[in-house]
Every structure is written in C-alpha cells, then in structure tokens.
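Structure assessment
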Amino acid sequence: MFANLSGVLESGRTWLYQFFTEGLETDKYSTYGYASRTSQWIMENRLMLSGWLSGPDQDLTLGGAVRFSYGKMRQDFFAEPFSRRDISADTISPNSKVLAGDDVAADGLNLWSPAFGANRRSQLYQAAVFATYERTMDQWTLSTALRAEQAYYRMGVPSEVERADQVYRDSLSGSGSENWLNAALGLSYAVVPSVVLYGNVQKGRGLAPADGGTIMGPGSFTDLQLIEGGLKAGNASGTLFAQMSVYEWEQATFSARDAYAQPLRGKGAELELSWAAGPWVTFVGAVTAQRVRLRTDRIGFGAIVQDEQGWALNAGLFNAVGEREVPNNPDMIFAGSPEWSAHLYGIFSLPYAATLALGPSWRDAHWHDFGRQLRVPGVTLWFVEYSQAIGQWTVRARLDNVFNQDGWLPQEPIFAAGTLISRIEPRRWMLTLRRDF
C-alpha cells in the first residue's frame, strides 16, 4: 500500500509526502532437502519540500524520511541429498525424500538449523535527511545529492528454531547502530542539442541484508561506489536514440551461509539503441559487457568440484569445505553468469490495435564455478509475442524459446559450484487476458 500527497504552499514552494508499506512471506519446502521460510514488513514515511531557490534554471529540494523494517528467516542445512535422486524417473522414490524445515525429526525437534545460515529475526529503524540540487547553465547541467542517515537495529534467533540452546541464542542476540553519509554528483554537457556527454559519481554506504531481509550485524551495511560516464545521442526527428556508457562499481553482497559480506567490484560497458525505422516498426537492442571480481581471496563454504573418478569414488556424496582456494582463478573473477550478452527486438504495430514483438537474446559462454572446471556454453534464445487490444480488454500471447534450444541457466557459483546446475526451460507459451478499469 502506498500514497503520494502533494501541494503548494503560500510561499510558492511545493511539498510531497510519500507513504509506503509492504509485507512479504515466502515458504520453500522440498522433498530433496533444505527449506526456508521468511517474513518481512517495511514501512516508510518521506516528506520533501522543493522550490527553495528562485529562477527556472535551478532547484533545491530538502527532505527527510523515517523507515522501519522487520525480517525473520528460518533455514535448514541438515540434509545433503545431492546425487541421490534419479531425475529421469517418472516418480520420486520415498528413499530419496528427506525431512526439512519444520518437519519433526526422530528426537522430537524440528530441522531449522541453528548452526548455519541466516536464522535471524531483526528490527531496523532508519532516519535520514537529504538534499538535492539541480542547475542548468547554457550547455551544462549539474545535479548533486547529499543524504545523512542513522540506523539502529536489534537481532536475535527466531523462537521456531527449536535446536538452538540459550548459549547460542545469547551469542547471536544484540543490537547496534550505524551512521553514514551518501553523496552523488552528476554533470552533463550538450555538445549539440541531440548529443550529450555525461558523468556520474556516487559514494557512500548502503544496506545489504540477508535473503530474508534480516540484519546480521555490521556486515549487513556495505560501502558503495559508482563511477559512470557516457554519451547520449539522437537525431532531430526523434526516431533514433543511442546511449553508450562505461562504469565501475563497488559494493558487497551478504552471504547468509558464511555470515559475512562478500565485497565485489564490477567494470563494464553498455550500448543501447532504439530506432523507429518507420511508423509501424521499431527496433530495440543492447550489448552489455561486465566483469565482476570478488575483492577477497576467500570464497566461503561450498562444494568441491570433482572429476568423474572423484564422483564415483565418493559414491555420489556431497563434499564441501570452507576457505577454498581457487588457483585456476587468481583474479577471483566472479563465475556463474556471462560477461557478454546482447539482445535485439523488433516491435511491429499492426492494424486494429495489435502489436507483434520478436527477437533473439544471446548469452556468451561462461564459467560455472570459481575454480573454472565447468564451462557453460553460450546460447541464443528467441521469443515472439502478439497482443491485441479490444476496448478495455487486452489479449497477449507469448512464446519463449521458440526453437526449443537446449542450454543452462546461470547459477550461484560459490556454494553449488559444479554440483548443481539447471537447464533452460524448453519451449513454453503463455496466454494472458487483462481488463482496464
């Protein structure tokens, strides 16, 4: 639920009040091990006042915000059933079903694991004041932003985790506070009205909660940095638009399994193109190149990638260790997703308020695991979508993976490594019907 309220004061300044609240619950249970259950709730109030400076070519906005977040997550890590199920069988054998989550084991306790993962409940209170300033000077446009924020959190172990003793609960219970300053600076220069050079710099701190939105301690707050520059161009008629950008960013993503923030650095470039080739057809395309590195020599707990002989000698058991070394990847280049990708779509406007869209998307080959022992081949997938508007109704039919290409989805490369990988979904269709009120 959200609300936006705005108005104009007697001084001529404008005000904007925004309210937002959202709740989310998830429940994942599997006959093949591991379960997770989350509960989250967020509420925020924000007030902004604009028009502090006179003149049409500059504007100053001041504001403040308060936010409350609640999160609770339960996980289990007791069963390791990898390689024990025949996925080609038509039925699931009872021998490969394992207890998980809130199932009760033989000792009378459920299986929410106190030893690993993000079994936490937390409350987070945030308060912030901020200011933005924009000014246009001939061919130059300047934009700046400054935000000061204070955060206070409390955390503990959920009561549903029955295996957690009091000593363990006390060790993970506590509170803390963080404060930080975020700043951003943007500058653009119009070489000609249809060609603009731009650059942006942002630096500060942000929130990196666990999967269930929970706060795990100081590691849930991470330093952030973004440097970006590029070129935006178009023609006078507005039928052609192109944007090229290069960027570098730093941040951290929280690992619930190892309970620490994984610092990342990414560098990339992107080219986007939109061309209205005629009154009935538009082409949209993009090419993206990005390389992400882990800014540490630690990749955390996870599976050991083995050769065929290793799998046979281990009888299909799951093997994992912590503090793994990856000599084949000394630069710690992040695995699990392609560094190059592209897409090109054609959108055709047809008579009687109908639209046809189709085109390919391409992902380059990439390494599946940090140790660079399993390489996922590249793949090109096509889609086609037809939509028809009939009064207040819209009918949309979509076909994905038109040519039924075989391939593999990008995966989480640290824990699963080469032991878990998913196929791309085969050809599938979807039909939707929408009515506007």
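Here the structure is a predicted model, which is why all the values come from computation and not from measurement.

Definitions and cut-offs
Residues numbered from 1 in each chain as written. Predicted model: local features only at pLDDT ≥ 70, side-chain atom pairs only at ≥ 80, totals over all residues. Heavy atoms only, no water. Helix = DSSP H or I, 4+ residues; strand = E, 2+ residues; numbered from the N terminus. Contact = heavy atoms within 4.5 Å. Areas by Shrake-Rupley, 256 points an atom, 1.4 Å probe, with all protein chains shown as cover. Phe/Tyr/Trp six-rings, centres within 6.5 Å; stacked < 30°, edge-to-face > 60°. Buried < 20%, exposed > 50% of the residue type's maximum accessible area, 1.4 Å probe, protein only. Lys NZ or Arg CZ within 6 Å of the ring centre and 35° of its normal. Core = buried A, V, L, I, M, F, W, Y, C linked by side-chain atoms within 4.5 Å. Pairing = 2+ DSSP bridges. Salt bridge = Lys/Arg side-chain N within 4 Å of Asp/Glu carboxyl O. Patch = residues over 30% accessible without salt bridge, like charges linked within 9 Å, V, L, I, M, F, W, Y side chains within 5 Å.

In terms of helices and strands, the protein chain carries two helices and 21 strands. Judged by the C-alpha coordinates and their principal axes, the protein chain covers about 75 × 55 × 50 Å. For the protein chain, long-range pairs separated by at least 24 residues make up 60% of all intrachain contacts whose partners lie at least 6 apart in sequence. A total of about 24,800 Å² of accessible surface is found on the protein chain, and carbon and sulfur atoms cover 58% of it.

Next up on the list: the packing of aromatic side chains. Centre distance and the angle of the planes are the two values used to describe a pair of aromatic rings. Across all of its chains, the model carries 11 aromatic pairs by this definition. Where Phe 283 meets Phe 348, the ring centres are 6.4 Å apart and the plane angle is 85°; that geometry is what we call edge-to-face. Of this pair, Phe 283 sits in strand β12 (residues 281–294) while Phe 348 sits in strand β15 (residues 340–350), placing them 65 residues apart in sequence. The exposure class assigned to Phe 348 is partly exposed, which follows from its relative accessible area of 27%. Grouping aromatic residues by their ring pairs yields a cluster made of Trp 41, Phe 68, Tyr 125 and Tyr 152. The cationic tip of Arg 13 hangs over the ring face of Trp 52; the distance from NZ or CZ to the ring centre is 4.0 Å. Sitting over the face of the ring of Tyr 198, Lys 232 holds its NZ or CZ atom 5.1 Å from the ring centroid.

The subject of this paragraph is the nonpolar core. If you look at the biggest cluster of nonpolar residues, it comprises 10 residues: Tyr 247, Trp 249, Leu 264, Val 292, Leu 294, Ile 299, Val 326, Met 332, Phe 370 and Ile 414. Elements supplying a minimum of two residues to this core: β10 (240–255) and β12. Here Val 326 is in contact with Ile 299, Met 332, Phe 370 and Gly 371, once residues within four sequence places are set aside.

Bringing the pairing of strand β19 (residues 379–390) into the picture now. As judged from the 10 bridges shared by strand β16 (residues 354–363) and β19, these two strands associate in the antiparallel manner. Residue pairing for β19: Pro 360 is matched across the bridge by Trp 382. Two strands pair when backbone bridges link them, and β19 and strand β20 (residues 393–400) are joined in this way by eight bridges, in the antiparallel orientation. By the bridge assignment for β20, Ile 390 is matched with Trp 393. Hairpin connection of β19 to β20: two residues between the antiparallel strands, including Gly 391 at a positive phi of 65°.

This brings us to unusual backbone geometry. The phi dihedral of Ala 353 falls on the positive side, at around 55°, and the residue is not glycine. The phi dihedral of Asn 401 is positive, around 50°, even though this residue is not glycine.

This part covers the pattern of salt bridges. Applying the stated criterion across every chain, the model contains 21 salt bridges. Notably, a salt bridge pairs Glu 44 with Arg 67, separated by 2.4 Å at the nearest N-O pair. Taken as a pair, Glu 44 in strand β3 (residues 36–50) and Arg 67 in strand β4 (residues 58–75) lie far apart in primary sequence, 23 residues in all. Using a relative accessible area of 11% as the deciding quantity, one classes Glu 44 as buried. A salt bridge links Lys 72 to Glu 160; the nearest nitrogen and oxygen atoms lie 2.9 Å apart. You can see Lys 72 sitting in strand β4 and its partner Glu 160 sitting in the loop between β6 (140–156) and α1 (166–172), a full 88 residues away along the chain. Shared partners join several salt bridges into a network, and the residues in it are Glu 385, Arg 396, Arg 398, Asp 400, Glu 425 and Arg 428.

Here we come to the side chain of Asn 329. Within the element layout of this structure, Asn 329 appears in the loop between β14 (320–321) and β15. Discounting residues that sit within four places of it in the chain, Asn 329 has contacts with Phe 370 and Arg 372.

Looking now at a nonpolar patch on the surface. A grouping of Ile 390, Trp 393, Val 395, Trp 429, Leu 431 and Leu 433 is seen on the molecular surface, where their side chains present a nonpolar patch of about 690 Å² in accessible area. Those elements that place two or more of their residues in the nonpolar patch are β20 and β21 (428–435). In terms of residue count, β21 provides more of the nonpolar patch than any other element does, three residues in total. In this structure, Leu 431 sits in strand β21. A relative accessible area of 56% means that Leu 431 is categorised as exposed.

We now examine the pairing of β6. Judged from the 17 bridges that link them, strand β5 (residues 120–137) and β6 form a sheet pairing that is antiparallel. Bridge pairing in β6 links Arg 121 to Gly 156. Judged from the 16 bridges that link them, β6 and strand β7 (residues 174–192) form a sheet pairing that is antiparallel. The residue bridging Ala 148 from the neighbouring strand is Leu 181, located in β7.

Residue position: Gly 371 is located in the loop between β17 (366–367) and β18 (375–376). In this structure Gly 371 comes out as buried when scored by relative accessible area, which is 13%. It is 8.2 Å that separates the C-alpha atoms of Gly 371 and Glu 325, two residues lying 46 residues apart in sequence. Here Gly 371 is in contact with Val 326 and Asn 328, once residues within four sequence places are set aside.

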